[in-house]
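# Report on the structure
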Amino acid sequence: MAMIDRDRSRMRKVEVNQRALVDKVLARYPEDFTVFRELLQNADDARATKVQIDFQTSDYADHSAGANGKANEINGTIPNLNTSELFKWVVRNNGDFFESRDWDRLTKIADGNPDVQKIGASGVGFYTVFSVTDCPMVVSGGKSLSIFFEGDQLYTLDDTRPNSEWTSIEMDLKKDMRGPVPRPFDLARFLAATMTFMSNVKTISVLFDGLAFLILTKSRDLPNDIALPSDMRPISTGGTMEINTVSVVPQEITVEITDWALAAGTKTPSAQHAGVENLSMNPVECEGFWEDISTKSEAPMVAPPSLASTLDHLPWSTYTARYAVYSAAVSIHPSSGFREGLYAMTKKYPPKGFDFEMVYFSKAEYDAIAAGEKRDPILGSVFRGQQGLFPLLNGQYMSRVFIGQSTAQTTGIAGHLSGRFIPTVERGSIDLTNSYS
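Residues numbered from 1 in each chain as written. Predicted model: local features only at pLDDT ≥ 70, side-chain atom pairs only at ≥ 80, totals over all residues. Heavy atoms only, no water.

### Overview of the overall build of the protein chain
- When its secondary structure is counted, the protein chain shows nine helices and 15 strands.
- Here the protein chain holds 437 residues, and 46% of them are scored as buried.
- If you take every contact in the protein chain between residues at least 6 apart in sequence, the share linking residues at least 24 apart comes to 72%.
- Accessible surface, the protein chain as shown: approximately 22,700 Å² in total, 53% of it carbon and sulfur. (Helix = DSSP H or I, 4+ residues; strand = E, 2+ residues; numbered from the N terminus. Buried < 20%, exposed > 50% of the residue type's maximum accessible area, 1.4 Å probe, protein only. Contact = heavy atoms within 4.5 Å. Areas by Shrake-Rupley, 256 points an atom, 1.4 Å probe, with all protein chains shown as cover.)

Take a look at the structure:
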């Protein structure tokens with residue numbers, strides 16, 4: 001290789017168009033609710049047990065500026081969530097406050113978290129907030145950091161803020177994003193599945209102008225150890241991984257939602273309404289197989305809430321799903337080549353161990369959810385449908401692989417799998433081109 005004469009008088013720095021780079025990153029995140037998925041994973045990595053998602057109108061955002069999660073006692077009549085225009089999203093968590101290294105990573109695109117116990121690796125997930133805002137602000141531990149564009153380059157501005165129990169990500173919405181609240185029923189379905197394999201988050205509250213209209217709670221019973229079958233090989237070929245113990249953990253997710261949130265309806269019809277519950281196993285025989293997907297219609301709206309309902313009297317509907325999580329404690333004994341290869345790919349060395357988990361739904365559990373769906377043929381079940389927790393066994397929504405959060409990778413069995421797979425940059429699928437996946 002020829003020697004390069006590094007005459008600094010002739011050297012020029014390579015410039016990166018940061019706006020274009022962020023746009024290219026965002027193009028790799030096609031699913032709905034991507035911003036919430038990434039911020040929830042960040043909260044879980046920060047050991048948060050509670051998360052709030054607060055949708056705010058302009059008047060409320062102005063009134064509550066600086067409150068950072070404190071009640072502001074705004075009263076009024078029940079809003080129409082399909083017509084109220086939002087000005088701001090705020091996502092809060094009660095996890096660990098930002099430390100110096102966290103603030104530093106926030107200003108460096110693709111500088112992932114080296115902690116082997118954290119899911120985030122690529123260092124780009126936070127930047128999904130730029131799909132909805134041009135100037136996100138992070139508030140944590142009495143400090144704040146705003147990130148904004150000047151031309152095509154990103155800049156930051158730090159400041160101090162009142163102390164609070166919350167770490168908050170505040171997002172003033174772009175003008176073309178100032179629409180209504182995402183359909184609460186669809187958001188609840190997504191969040192119920194999202195919570196399934198999260199390690200720490202137990203409660204998610206969703207608010208409109210500071211008033212809760214959706215609450216999800218997860219609880220786990222104590223694990224029960226189960227014996228490995230005698231014909232199961234507990235050590236992988238080459239001895240890289242070894243199953244030490246296997247346990248089954250009963251888990252329950254409860255969804256509470258107000259009737260005025262249910263009145264906003266759903267964008268995706270239930271299995272009963274869409275007619276996919278009894279589809280042929282041969283997809284070519286299914287009605288509409290050859291039709292353009294754009295011809296599908298939204299489910300009709302449900303009846304509006306009673307006029308007697310006010311902010312002082314909020315009827316709630318409660319839905320519960322209980323199922324088993326099978327968890328294998330896996331220890332890792334990597335070769336030096338595997339260890340260095342994984343670091344080259346993820347900038348992390350492999351952990352000493354991890355939990356490989358599977359959610360398998362029994363027929364009784366599956367039938368209970370299907371029965372609930374039949375009782376409401378328009379909305380269906382909050383636990384089943386697009387991005388939902390319970391799959392359709394012969395329908396469109398199959399069991400998936402989770403890497404902290406759900407990916408688009410299906411499992412091919414009647415249960416979800418979660419483990420330390422190596423994801424693609426946007427965490428939408430397993431990186432199947434990587435020999436260490």
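On we go from here.
### Things to note about the environment of I53
- Relative to the elements of secondary structure, I53 occurs in strand β1 (residues 50–56).
- On the accessibility criterion, I53 (1% relative accessible area) is buried.
- Spatially, the C-alpha atom of I53 lies 9.0 Å from that of N93, the residues being 40 residues apart in sequence.
- In contact with I53, not counting residues within four places along its chain, are F36, V90, V91, L191, I204, S205, V206 and L207.

### Details of the confidence of the model for the protein chain
- Counting all residues, the mean pLDDT for the protein chain is 79, and 75% of those residues have values of 70 or more.
- Of the regions scoring below 50 in pLDDT, residues 274–300 engages in 35 contacts with residues more than four places distant in sequence or in other chains. (pLDDT = per-residue confidence, 0-100.)

### Quick notes on the side chain of S418
- Mapped onto the elements of the fold, S418 is located in strand β15 (residues 415–418).
- Taking relative accessible area as the criterion, S418 reaches 9% and is therefore assigned buried.
- If near-sequence neighbours (up to four positions away) are discounted, S418 is found in contact with F197, D355, F356, E357 and F402.

### Digging into the pairing of strand β6 (residues 167–173)
- Within β6, six of the seven residues are buried, which leaves the element mostly enclosed by the surrounding structure.
- Here six bridges tie strand β2 (residues 88–93) to β6, and the two strands are oriented antiparallel to one another. In the strand pairing of β6, K88 is matched with D172.
- Bridge count between strand β3 (residues 133–140) and β6: five bridges; the pairing is antiparallel. By the bridge assignment, M137 is partnered in β6 with E170. (Pairing = 2+ DSSP bridges.)

### Topic: the pattern of salt bridges
- In this structure the tally under the stated criterion is twelve salt bridges.
- Of the charged contacts, one joins E252 and R322 as a salt bridge, the two residues approaching to 3.6 Å between their closest N and O atoms. Here R322 lies in strand β11 (residues 316–332) and E252 lies in strand β10 (residues 241–258), a separation of 70 residues in the sequence.
- For R322, a relative accessible area of 39% puts it in the partly exposed group.
- Where salt bridges share partners, they join K88, R161 and E170 into one cluster. (Salt bridge = Lys/Arg side-chain N within 4 Å of Asp/Glu carboxyl O.)

### Thoughts on the nonpolar core
- In terms of nonpolar packing, the biggest core is built from 71 residues, with F55, L191, I204 and F383 touching the most fellow members.
- Of the residues forming this core, the biggest block, seven residues, is contributed by helix α5 (residues 184–194).
- Once residues within four sequence positions are removed from consideration, I204 is found in contact with L40, V51, I53, L191, M195, L214, I215 and L216.
- Grouped together as the second largest cluster of nonpolar side chains are five residues, V246, A328, V330 and F354 included. (Core = buried A, V, L, I, M, F, W, Y, C linked by side-chain atoms within 4.5 Å.)

### Some points on the environment of E242
- Considering the arrangement of structural elements, one finds E242 in strand β10.
- Each residue touching E242, except ones within four places of it in the same chain, is listed here: P234, I235, A329, V330, S331 and H333.

### Considering the packing of aromatic side chains
- Using the criterion set out here, one finds 15 aromatic pairs in the structure.
- Here the aromatic rings of F55 and W89 are separated by 5.7 Å at their centres, their planes lie at 85 degrees, and the arrangement is edge-to-face. Highlighted residues: F55 in strand β1 and W89 in strand β2, separated in sequence by 34 residues.
- On the basis of an interplanar angle of 50 degrees and a centroid distance of 4.8 Å, the ring pair of F98 and W103 is categorised as tilted.
- An aromatic cluster is present here, built from F33, F36, F55, W89 and F190 joined pairwise through their rings.
- The cationic tip of R339 hangs over the ring face of Y349; the distance from NZ or CZ to the ring centre is 3.9 Å. (Phe/Tyr/Trp six-rings, centres within 6.5 Å; stacked < 30°, edge-to-face > 60°. Lys NZ or Arg CZ within 6 Å of the ring centre and 35° of its normal.)

### A word on the packing of helix α2 (residues 34–45) against α5
- Contact pair α2 / α5: the axes reach a minimum separation of 11 Å and the direction vectors enclose 30 degrees. Note on packing geometry: the crossing formed by α2 with α5 is right-handed. Along its contact with α2, which presents F36, R37 and L40, the element α5 presents L187, F190, L191 and T194.
- Along the lines of polarity and charge, the residues of the contact of α2 with α5 split into five nonpolar, one polar and one charged. (Axes fitted to C-alpha atoms, helices over the stretch in contact; angles between N-to-C directions. Left-handed = near helix turned anticlockwise from the far one by under 90°. Nonpolar A, V, L, I, M, F, W, Y, C, P; charged D, E, K, R; others polar.)

### Quick notes on unusual backbone geometry
- Of note in this structure, R47 is not a glycine but carries a positive phi near 65 degrees.
- Examined against the element boundaries, R47 turns out to sit in the loop between α2 and β1.
- Unlike most non-glycine residues, D209 shows phi in positive territory, near 50 degrees.

### A word on the environment of T258
- Take T258: it is sitting in strand β10.
- As a C-alpha pair, T258 and T318 span 60 residues in sequence and 8.9 Å in three-dimensional space.

### Things to note about α2
- Helix length check: α2 (twelve residues) gives 17 Å between terminal C-alpha atoms against 16 Å at 1.5 Å per residue, within 8%.
- Judged by how many residues are buried, α2 sits mostly within the fold: eleven of twelve residues are covered.
- Burial in α2 covers these residues: T34, V35, F36, R37, E38, L39, L40, Q41, A43, D44 and D45.
- Immediately downstream of α2, the backbone of R47 shows phi near 65 degrees, a positive value. (Expected span 1.5 Å × (residues − 1).)

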